[in-house]
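Residue strings, one per chain:
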Amino acid sequence: EPEVTQTPSHQVTQMGQEVILRCVPISNHLYFYWYRQILGQKVEFLVSFYNNEISEKSEIFDDQFSVERPDGSNFTLKIRSTKLEDSAMYFCASSRWDQPQHFGDGTRLSIL
Amino acid sequence: DQQVKQNSPSLSVQEGRISILNCDYTNSMFDYFLWYKKYPAEGPTFLISISSIKDKNEDGRFTVFLNKSAKHLSLHIVPSQPGDSAVYFCAVPVIQGAQKLVFGQGTRLTINP
């Protein structure tokens, strides 16, 4: 069964540094998402992406965040200047419009 | 944001018995509900869904019940197996230009042998 893959599985970064989290969505999916889960809290929506543009973003997704689909297979989340409170599990998901979202196994981001 | 609530953070059930996980929602306009299962170090995996035009959906050992008047849904697992030990999330797609999922807090289910 096709999977959403995320790299790296764990990223450790100094506060203030830029970080890029990478995702390869399922190949015939057209809708892409990023979610995050801070330890002990709910899974929270960050952003959705369709047709090479953001379709919706949450209040968490401020100017420090950006997403990109640089080629036909990758979908990236960039955090420009990381803060301690950005430490979380970040999940990428993809879907067809009428099907449930499929999630990757996540990237654990640790900000020091 | 408390649109979807799972009030039991954990549940422990004997192997072979029924597990019942509960979820409440606030918006009567929600018309589709999903359950996801999550193992440690893995992402959420879709388990089962239900549309508001139904009050029950069954898939093997898993059944989801929807009570629209109470704004409540439940997931029944019977019989429970050790491999069912995981965190279970209910989720609702909120369509505002694109589907975003709003998750409950999750219930950690432990199946005891």
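## As for the environment of Glu58(B)
Residue and element names in this part refer to chain B.
Moving on, step 1. In this structure, Glu58 sits in strand 6 (residues 56-59).
Moving on, step 2. Owing to a relative accessible area of 51%, Glu58 belongs among the exposed residues under this scheme.
Moving on, step 3. Linking Glu58 and Glu15, residues 43 residues apart in sequence, is a C-alpha distance of 20 Å.
Moving on, step 4. Beyond its immediate sequence surroundings of up to four residues, Glu58 is in contact with Ile48 and Thr63.

## Remarks on the nonpolar core
Moving on, step 1. Core analysis: the biggest nonpolar cluster contains 25 residues, and Phe33(B), Trp35(B), Leu73(B), Leu75(B) and Tyr88(B) have the highest contact counts within it.
Moving on, step 2. Secondary-structure elements contributing two or more residues to this core are strand 3 (19-25), strand 4 (32-38), strand 5 (45-51), strand 7 (62-67), strand 8 (72-77), strand 9 (86-95) and strand 11 (107-112) of chain B.
Moving on, step 3. Among the elements that make up this core, the one with the highest residue count is strand 9 of chain B (5 residues).
Moving on, step 4. If you look at the next biggest cluster of nonpolar residues, it comprises 22 residues, including Trp34(A), Phe49(A), Phe61(A) and Cys92(A).

## Observations regarding the pattern of salt bridges
Moving on, step 1. Considering all chains together, one arrives at 4 salt bridges over all chains under this definition.
Moving on, step 2. One salt bridge connects Lys100(B) with Glu56(A), and the closest N-O pair in it is separated by 3.8 Å. Of this pair, Lys100(B) sits in strand 10 (residues 99-103) while Glu56(A) sits in strand 6 (residues 53-57), which puts the two residues in different chains. Pair check on accessibility: Lys100(B) and Glu56(A) agree, each one buried.
Moving on, step 3. Measuring nitrogen to oxygen at the nearest pair gives 2.8 Å for the salt bridge that ties Asp84(B) to Arg61(B). Placement of the pair is Asp84(B) in the loop between strand 8 and strand 9 and Arg61(B) in the loop between strand 6 and strand 7, with a sequence separation of 23 residues.
Moving on, step 4. For Asp84(B), a relative accessible area of 2% puts it in the buried group.

## Describing the state of the cysteines
Moving on, step 1. Counted according to the given criterion, the structure contains 2 disulfides over all chains.
Moving on, step 2. Disulfide pairing places Cys23(A) opposite Cys92(A) at an S-S distance of 1.9 Å. On the sign convention where negative is left-handed, the bridge of Cys23(A) and Cys92(A), at about -65 degrees about the S-S bond, is left-handed. Taken together, the positions of Cys23(A) in strand 3 (residues 19-24) and Cys92(A) in strand 9 (residues 88-95) put the pair 69 residues apart, joining distant regions of the chain. We note that Cys23(A), like Cys92(A), is buried.
Moving on, step 3. Each sulfur in the disulfide pair Cys23(B) and Cys90(B) lies 1.9 Å from the other. Around the S-S axis, the bridge from Cys23(B) to Cys90(B) shows a dihedral of about 65 degrees and counts as right-handed. Of this pair, Cys23(B) sits in strand 3 while Cys90(B) is found in strand 9, placing the two residues 67 residues apart along the sequence.
Moving on, step 4. Exposure remark for Cys23(B): the relative accessible area of 1% places this residue in the buried category.

## Some words on the pairing of strand 3 of chain A
Residues and elements named next belong to chain A.
Moving on, step 1. Of the two faces of strand 3, only the one carrying Val19, Leu21 and Cys23 is buried; Ile20, Arg22 and Val24 on the other face are not.
Moving on, step 2. Across 3 bridges, strand 1 (residues 5-7) lies against strand 3 in antiparallel orientation. When the bridges of strand 3 are listed, Thr7 appears paired with Arg22.

Rules behind the numbers
For every chain, the first residue of the written sequence is number 1, and numbering continues from 1 along that sequence. Both sets of labels track the order of writing: A upward for chains, 1 upward for ligands. Per-residue local features of the predicted model are confined to residues with pLDDT of at least 70, and side-chain atom pairs are confined, for both listing and counting, to 80 or more; whole-chain, interface and lining totals are unaffected and use all residues. As a rule here, side-chain values come from all non-hydrogen atoms in the structure, and water together with hydrogens is ignored. Secondary structure elements follow DSSP: runs of H or I of four or more residues count as helices, runs of E of two or more count as strands, with numbering from the N terminus. Here the term buried applies to any residue with accessible area under 20% of the maximum for its type, exposed to any over 50%, and partly exposed to those in between, with areas from a 1.4 Å probe on protein chains only. The criterion used for residue contact is that any of the two residues' heavy atoms lie within 4.5 Å. Here the nonpolar core consists of buried residues drawn from Ala, Val, Leu, Ile, Met, Phe, Trp, Tyr and Cys, with membership extended through side-chain atoms lying within 4.5 Å. Just to be clear on terms, a salt bridge is a Lys or Arg side-chain nitrogen sitting within 4 Å of an Asp or Glu carboxyl oxygen. Cysteine sulfur atoms that pair up within 2.5 Å are treated as a disulfide. Only strands that DSSP links by at least two bridges are regarded as paired with each other.

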